[in-house]
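# Residue-level structural notes
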Amino acid sequence: MTLALGCIADDYTGASDLANTLTKAGLRTVQTIGVPAADLRLPEVDAVVVSLKSRSIPAEEAVARSREAAAWLNARGAGHLLFKVCSTFDSTDAGNIGPVTDALRTDAGEAIALVTPAFPETARTVYLGHLFVGAVPLAESPLKDHPLNPMRDSNLVRVLARQSRAEVGLIDLATVARGGQAVSERLDALAREGKGAAIADAVLDPDLTVLGEAALTRKVSTGASGLGLGLARALVSTGRVTPAAAESDLGGPIGGPAACLAGSCSQATLGQIARAEAAMPVRRLDPARLLAGEDEAGAALAWAMERIGDGPVLIASSAGPDDVAAVQARFGRDQAGHTIEAAMARIAEGLVANGVRRLVVAGGETSGAVVDRLGLPAFRVGPEIAAGVPVLRTTDRDMWLALKSGNFGGPDFFADALRLMP
């Protein structure tokens, strides 16, 4: 296997988003869970997205896992490595975007890496280094209250510089408008100034094509799925990849019971849960009871098994910002997050053990905990449910999944996903 593009994603839902984007752009793509085992058999593909759960772990662990993934991808001839991060640049002053980018570009012998989380299709744009969510600066958006990585600064040059070894520069929109060669020359100039990374502006879809062309002249870049789209376009336009049609047939229907799990506390997911209550039974976990040691997970699983024969069910640990803050203040942020994730993973394991083969999961950390507990090695990428969220079919068993970042999907996301999981 010789890969045109190797990708390392810092969470599982972001990996699915990227795999979906690459597939739609014509790259034959597989998403793996963790660094694949040496004997994992994969079909002939153009790109592999290695999914890690490294966004919110200590920086040194994130670097080590990312280096292991890079080594696996490089051993299979990856022509370029993309470190895939969230389009809202989820991170803290300790990392992990800066430390991982520093490590990957240094290992590749590169002086500088292009960095952008822009993806205009999903209303994520960067202008003069500032990230906007729709028309709102990042620091004024709901992401300012993210339970794990609250984003209180919209200036990504500053954000990345605080977590990087080297200084960070800017590739402004005027430079991007002059094309890929101008962006590449700006990267060279910034490297001569000692900059180790450059935040690149992008406000319209064609900007991504320009950035992809420039990024492909180097061995490593960092960005969201928008940059992945730009790289895919560059690979196709330069003839390095012959575009393939997305797989429309991933196998026959699976059928059987279906369930949804929601752990994200984003406004989008909270709205989707409220909408789902009109279509299926919904049980909300009580985080305080769970953290006090009561068997909320066992009770929720028993509740689900009483109802799942009649149709899909949804179990949610999601809560609004005030409720999340109260639980974190009482029990501690890390303990609260880890305990709730473990409970959702236990519920997923119980559902699958009792015959569920169609599973929808909302929330990046929740998706990571669930997939890890189920021990799923890799997925083939199917039809798109919503922008950035494909249907996935496991490579080692007959099972449908959808892994959704909290902010993605329309109001009826859960019903929409289940309709694409026959």
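Just so you know, these numbers come straight off a predicted model, no measurement behind them.

Before going further, it helps to spend a moment on the domain arrangement of the protein. Under the domain assignment used here, the protein contains domain 1 (5-238) and domain 2 (258-420). Centre-to-centre separation of domain 1 and domain 2, based on C-alpha positions: 27 Å. Between domain 1 and domain 2, the residue contacts involve 26 residues of the former and 29 residues of the latter. Summed over both sides, the interface of domain 1 with domain 2 buries roughly 2,300 Å², with 60% coming from carbon and sulfur. For the interface between domain 1 and domain 2, the tally reads 3 salt bridges. With its nearest N and O atoms 3.5 Å apart, the salt bridge here joins Lys53 to Glu365. The interface formed by domain 1 and domain 2 contains 7 residue pairs in polar contact (both at pLDDT 80 or more).

Two packed helices can be described by the angle between their axes and the distance between those axes. Interaxial distance between helix H6 (residues 180-192) and helix H7 (residues 205-215) falls to 8 Å at its minimum, and their mutual angle equals 50 degrees. Taken together, the axis directions place H6 and H7 in an arrangement best described as oblique. For the pair H6 and H7, the crossing hand works out as right-handed. Taking contact as the criterion, the partners of Gly180, Val183 and Ser184 in H6 are, on H7, Val210, Leu211, Glu213 and Ala214. Each residue belonging to the contact of H6 with H7 can be placed in one class, and the counts come to 4 nonpolar, 2 polar and 1 charged.

With that settled, consider the sheet that holds strand E7 (residues 130-133). As a general point, the strands of a sheet are linked pairwise by backbone hydrogen bonds and lie either parallel or antiparallel. Across the sheet, which stays open at both edges, the 3 strands sit in the order E6-E7-E8 with antiparallel pairing between neighbours. A strand with exactly one partner marks an edge of an open sheet, and here the two such strands are strand E6 (124-127) and strand E8 (136-137). Bridge analysis of E7 against E8 gives 2 bridges, and the strand direction is antiparallel. The residue bridging Phe132 from the neighbouring strand is Pro137, located in E8.

Considering all chains together, one arrives at 0 disulfides under this definition. No disulfide involves Cys7; its sulfur sits 16 Å from that of Cys86, the nearest cysteine. With no disulfide partner, Cys260 has as its closest neighbouring cysteine sulfur the one in Cys265, 17 Å distant.

Another point: helix H12 (residues 321-331). If you check which residues of H12 are buried, you get Val324, Val327 and Phe331. Looking down the long axis of H12, one finds its buried residues gathered within 65 degrees of arc, a one-sided arrangement. Of the residues in H12, the exposed ones pointing more than 90 degrees away from the buried face are Asp322, Ala329 and Arg330. Against helix H10 (287-291) and helix H13 (333-353) lie the buried residues of H12. Phi turns positive one or two residues past the end of H12, at Gly332, with a value near 95 degrees.

Let's shift gears to the pattern of salt bridges. Side chains that differ in sign of charge can pair as their charged atoms come close. All told, the structure shown has 27 salt bridges when counted by the stated rule. The salt bridge involving Lys24 is made with Glu384; its shortest N-O contact spans 3.0 Å. With Lys24 in helix H1 (residues 12-24) and Glu384 in strand E16 (residues 378-386), this pair connects stretches of sequence that are 360 residues apart. In this structure, the salt-bridge partner of Glu296 is Arg289, at a minimum N-O distance of 3.3 Å. Classification of Arg289 by relative accessible area gives partly exposed; the value is 38%. One network of salt bridges, with partners in common, ties together Asp10, Asp11, Arg55 and Asp90.

Taken as a whole, helix H9 (residues 267-276) has its buried residues at Thr269, Gln272, Ile273 and Ala276. Taken down its axis, H9 places every buried residue within 100 degrees of arc, on the same side. Residues of H9 that are buried in the fold lie against strand E12 (258-262), strand E13 (282-284), strand E14 (313-316), strand E15 (358-362), strand E18 (400-404) and helix H15 (413-419).

Turning next to the packing of aromatic side chains. In total, this model carries 1 aromatic pair according to the counting rule given. Taking the centre distance of 5.9 Å and the plane angle of 75 degrees together, the rings of Phe413 and Phe414 count as edge-to-face. Accessibility expressed as a relative area gives 0% for Phe413, which makes it buried. By relative accessible area, Phe414 is classed as buried at 2%. Note that Arg393 overlies the ring of Trp400, its terminal NZ or CZ placed 4.8 Å from the centroid. The aromatic ring of Phe413 is capped on one face by Lys404, whose charged end is 5.6 Å from the ring centroid.

With that out of the way, let us pick up the pairing of E18. The buried count for E18 comes to 5 of 5 residues, which makes it a mostly enclosed element. Burial of the side chains of E18 extends over both faces: Trp400, Ala402 and Lys404 are buried on one face and Leu401 and Leu403 on the other. Inspection of the sheet shows E15 paired to E18 by 5 bridges, in the parallel sense. For Val361, the partnering residue across the bridge sits in E18 and is Leu403. The hairpin formed by strand E17 (residues 389-394) and E18 contains 5 residues between the paired strands.

Calculation rules
- Residues numbered from 1 in each chain as written.
- Predicted model: local features only at pLDDT ≥ 70, side-chain atom pairs only at ≥ 80, totals over all residues.
- Heavy atoms only, no water.
- Domains from an automatic or database assignment.
- Contact = heavy atoms within 4.5 Å.
- Buried area = accessible area lost by both parts, 1.4 Å probe.
- Salt bridge = Lys/Arg side-chain N within 4 Å of Asp/Glu carboxyl O.
- Polar contact = N/O pair within 3.5 Å; in protein donor to acceptor, adjacent residues only side chain to side chain.
- Axes fitted to C-alpha atoms, helices over the stretch in contact; angles between N-to-C directions.
- Helix = DSSP H or I, 4+ residues; strand = E, 2+ residues; numbered from the N terminus.
- Parallel < 35°, antiparallel > 145°, perpendicular 65-115°, else oblique.
- Left-handed = near helix turned anticlockwise from the far one by under 90°.
- Nonpolar A, V, L, I, M, F, W, Y, C, P; charged D, E, K, R; others polar.
- Pairing = 2+ DSSP bridges.
- Disulfide = S-S within 2.5 Å.
- Buried < 20%, exposed > 50% of the residue type's maximum accessible area, 1.4 Å probe, protein only.
- Arc of directions from axis to C-beta.
- Phe/Tyr/Trp six-rings, centres within 6.5 Å; stacked < 30°, edge-to-face > 60°.
- Lys NZ or Arg CZ within 6 Å of the ring centre and 35° of its normal.

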